[in-house]
Amino acid sequence: MELIKLPWHWSVAGVIIGLTVPALLLLGNKKFGISSSLRHICAACLPANIPFFKYNWKKEIWNLFFVAGIAIGAFIAVNFFQNPNEVQVAEATRQALSEYGIQDYTRMLPADLFNWDNLFTWKGFIFFIVGGFLVGFGTRYAGGCTSGHSIMGLSTLQWPSLVATICFMVGGFVSTNLLMPFIFQWVK
Amino acid sequence: MRHTDAMCTNESELQHPWWHNFKYLAVGIIFGITFVKAEVISWFRIQEMFRLHAFHMYGVIGTAVVVGAISVWLIKYFKLRTLYGEPVHFEDKKFDKGVIYGGLIFGIGWAITGACPGPLFAQIGGGFSVVAVTLLSAIAGTWTYGALRDRLPH
């Protein structure tokens, strides 16, 4: 029981995530991809006569079952197999983040940032509203996210997915190392 | 990811009763547990990755790609069929400039939220209810892309 509560090694997680690719293919020819679920939600809730959302989303409903499963799985892991210790973070990252006033390492997201009190502040605006919007807009523009491009796409040796993955990483490096110092200075 | 360029994502397939979808729920549950246990949903892990301070996330994604690629190769080599006896289809991904522009935009958002779309669902399930706002905003972002699609460079 103690073993299951400790964080898993990256190789264990990598193998399980990698096996999701054949699992979905063999269960019913489903292509591993998560950002599509956001498109299906748009098509289901507010298609607004936009051609991009006019398709029979019910045929893609497996994807919504899959993401619902992700939320349930996370609920199970957090409530029953939670690591009692602080989250693991590299010392260098800790030092860099302490300059931004991030002190709380009790949970996987810093409670200093991710709480409801911040929702109507500039912090909340940047980290929830702007961040979320960029994720939803960018993944659909790119035609996929880390799962669809970086894992499914690279597994099937698709060169556009390699380009996408490189762009994800470039965007992330720029965001973390160049934009974030400004953002934190601004929202402090 | 499917059908980057298609307006309609449906494809011919067998018809099943809706409850057959529960098997995808089960795969999702295993996936969600893994996300939490390997701290893939941790905002801190994403910060580490983009600061090159730890190998963890590179290890997770790299291993997943290798395991995925070997699995796909095995499926092709042995011509494995689905649970329902259909041949497994693979599609080529089309390239357009959206892959570059969208990829960069997503990367910027990924570092800020500490989550790609999968971990968003896991963070909510894991008790960070405020991430529901992030998810709603991501849905709004996808909707905005759909509305502006014809006017954006591709």
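Since the structure is predicted, the reported quantities are computational estimates derived from the model, not experimental observations.

> Would you mind showing me how to read the overall build of chain B here?
Across its full length, chain B carries 6 helices and 0 strands. Sequence-ordered secondary structure for chain B, helices as α and strands as β, is α-α-α-α-α-α. Taking the principal axes of the C-alpha coordinates as reference, chain B spans close to 45 × 40 × 30 Å. In chain B, which comprises 154 residues, the share counted as buried stands at 51%.

> Whenever I open this one, the overall build of chain A confuses me. Can you help?
Helix and strand counts for chain A stand at 8 helices and 0 strands. Listed by position from the N terminus, the elements making up chain A come as α-α-α-α-α-α-α-α. Across its three principal directions, the C-alpha atoms of chain A cover 45 × 45 × 35 Å. Here chain A holds 188 residues, and 51% of them are scored as buried. The contacts in chain A between residues at least 6 apart in sequence include a share of 48% that link residues at least 24 apart.

> Is there a simple way to explain the domain arrangement of chain A in this structure?
Note on interface size: it is often stated as the accessible area lost on association of the parts. All names here are of chain A. For chain A, the assigned domains read domain 1 (1–82) and domain 2 (113–188). For domain 1 and domain 2, the distance between their C-alpha centroids amounts to 18 Å. Contact with domain 1, which involves 9 residues of that partner, is made by 10 residues of domain 2. Taken together, the elements giving at least two residues each to the side of domain 1 that touches domain 2 come down to helix H2 (10–28) and helix H3 (36–45). Partitioning the side of domain 1 that touches domain 2 into residue classes produces 5 nonpolar, 2 polar and 2 charged.

> How should the environment of His53(B) be read in this particular structure?
Within the fold, His53(B) resides in the loop between helix H2 (43–50) and helix H3 (56–77). By C-beta crowding, His53(B) is classed as partly exposed, having 17 other C-beta atoms within 10 Å. Between the alpha carbons of His53(B) and Ile100(B) there is a distance of 26 Å; along the sequence they are 47 residues apart. Sequence-distant contacts of His53(B), defined by excluding residues within four places in its chain, comprise Ala90(A), Ala92(A), Thr93(A) and Glu48(B).

> Teacher, can you tell me more about the interface of chain B and chain A here?
Facing the 111 residues of chain B at the interface are 121 residues of chain A. For the side of chain B that touches chain A, the secondary structure elements donating two or more residues are helix H1 (22–37), H2, H3, helix H4 (97–113), helix H5 (117–125) and helix H6 (131–148) of chain B. Considered class by class, the residues forming the side of chain B that touches chain A number 63 nonpolar, 36 polar and 12 charged.

> What am I meant to see in the packing of helix H6 (residues 122–142) of chain A against H6(B) here?
Two packed helices can be described by the angle between their axes and the distance between those axes. Where H6(A) meets H6(B), the closest approach of the two axes is 6 Å, and the angle between their N-to-C directions is 40 degrees. When the interaxial angle is binned, H6(A) and H6(B) end up oblique. For the pair H6(A) and H6(B), the sense of crossing is right-handed. Contact residues: H6(A) offers Phe128(A), Ile129(A), Gly131(A), Gly132(A), Phe133(A), Leu134(A), Val135(A), Gly136(A), Phe137(A), Arg140(A) and Tyr141(A), while H6(B) offers Val133(B), Thr134(B), Leu135(B), Ser137(B), Ala138(B), Ile139(B), Ala140(B), Gly141(B), Thr142(B), Thr144(B) and Tyr145(B). When grouped by side-chain class, the residues that make up the contact of H6(A) with H6(B) number 13 nonpolar, 8 polar and 1 charged.

> What is the right way to read H3(B) from this model?
Residues that lie three or four places apart on an α-helix share one face, since the helix turns once every 3.6 residues. In this model H3(B) runs 31 Å from its N-terminal to its C-terminal C-alpha over 22 residues, within 8% of the 32 Å that 1.5 Å per residue would give. Those residues of H3(B) that fall on the buried side of the exposure criterion are His56(B), Met57(B), Val60(B), Ile61(B), Thr63(B), Ala64(B), Val65(B), Val67(B), Gly68(B), Ser71(B) and Val72(B). Tucked into the core, H3(B) has its buried residues touching H2 and helix H7 (146–155) of chain A together with H2 of chain B.

> Hey, could you run me through the nonpolar core in this one?
What tends to happen in soluble globular proteins is that the nonpolar side chains get buried as a cluster. Ranked by internal contacts, the top residues of the largest apolar core, which has 94 residues, are Ile70(A), Ala74(A), Phe35(B) and Val60(B). If you count residues domain by domain, this core takes at least three from each of domain 1 (1–82) and domain 2 (113–188) of chain A.

> Help me understand H1(B) in this model?
Its 16 residues place the ends of H1(B) 23 Å apart at the C-alpha level, agreeing with the 22 Å of an ideal helix rising 1.5 Å per residue. Within H1(B), the full set of buried residues consists of Tyr24(B), Val27(B), Gly28(B), Ile29(B), Phe31(B), Gly32(B), Ile33(B), Thr34(B), Phe35(B), Val36(B) and Lys37(B). Its buried side turned inward, H1(B) meets H2 and helix H4 (61–80) of chain A together with H5 of chain B. Of the residues flanking the end of H1(B), it is Glu39(B), one or two places downstream, whose phi is positive at about 60 degrees.

> What should I look at first to understand unusual backbone geometry in this one?
Residue and element names in this part refer to chain A. At Asn29, a residue that is not glycine, the phi angle is positive and equals roughly 60 degrees. For Asn29, the position within the fold is in the loop between H2 and H3. Since 19 C-beta atoms lie within 10 Å of it, Asn29 is described here as partly exposed.

> Explain the packing of H3(A) against H4(A) here, please?
Residue and element names in this part refer to chain A. Closest axis-to-axis distance for the H3/H4 pair is 9 Å, and the angle between their directions is 120 degrees. The angle between the axes of H3 and H4 places the two elements in the oblique class. Between H3 and H4 lies a crossing whose hand is left-handed. Listed contacts from H4 to Ser36, Ser37 and His40 of H3 are Asn63, Leu64 and Val67.

What counts as what
Residues numbered from 1 in each chain as written. Chains lettered and ligands numbered in written order. Predicted model: local features only at pLDDT ≥ 70, side-chain atom pairs only at ≥ 80, totals over all residues. Helix = DSSP H or I, 4+ residues; strand = E, 2+ residues; numbered from the N terminus. Buried ≥ 20, exposed ≤ 12 C-beta atoms within 10 Å, placed from the backbone. Contact = placed C-beta atoms within 7 Å. Domains from an automatic or database assignment. Nonpolar A, V, L, I, M, F, W, Y, C, P; charged D, E, K, R; others polar. Axes fitted to C-alpha atoms, helices over the stretch in contact; angles between N-to-C directions. Parallel < 35°, antiparallel > 145°, perpendicular 65-115°, else oblique. Left-handed = near helix turned anticlockwise from the far one by under 90°. Expected span 1.5 Å × (residues − 1). Core = buried A, V, L, I, M, F, W, Y, C linked by C-beta atoms within 7 Å.

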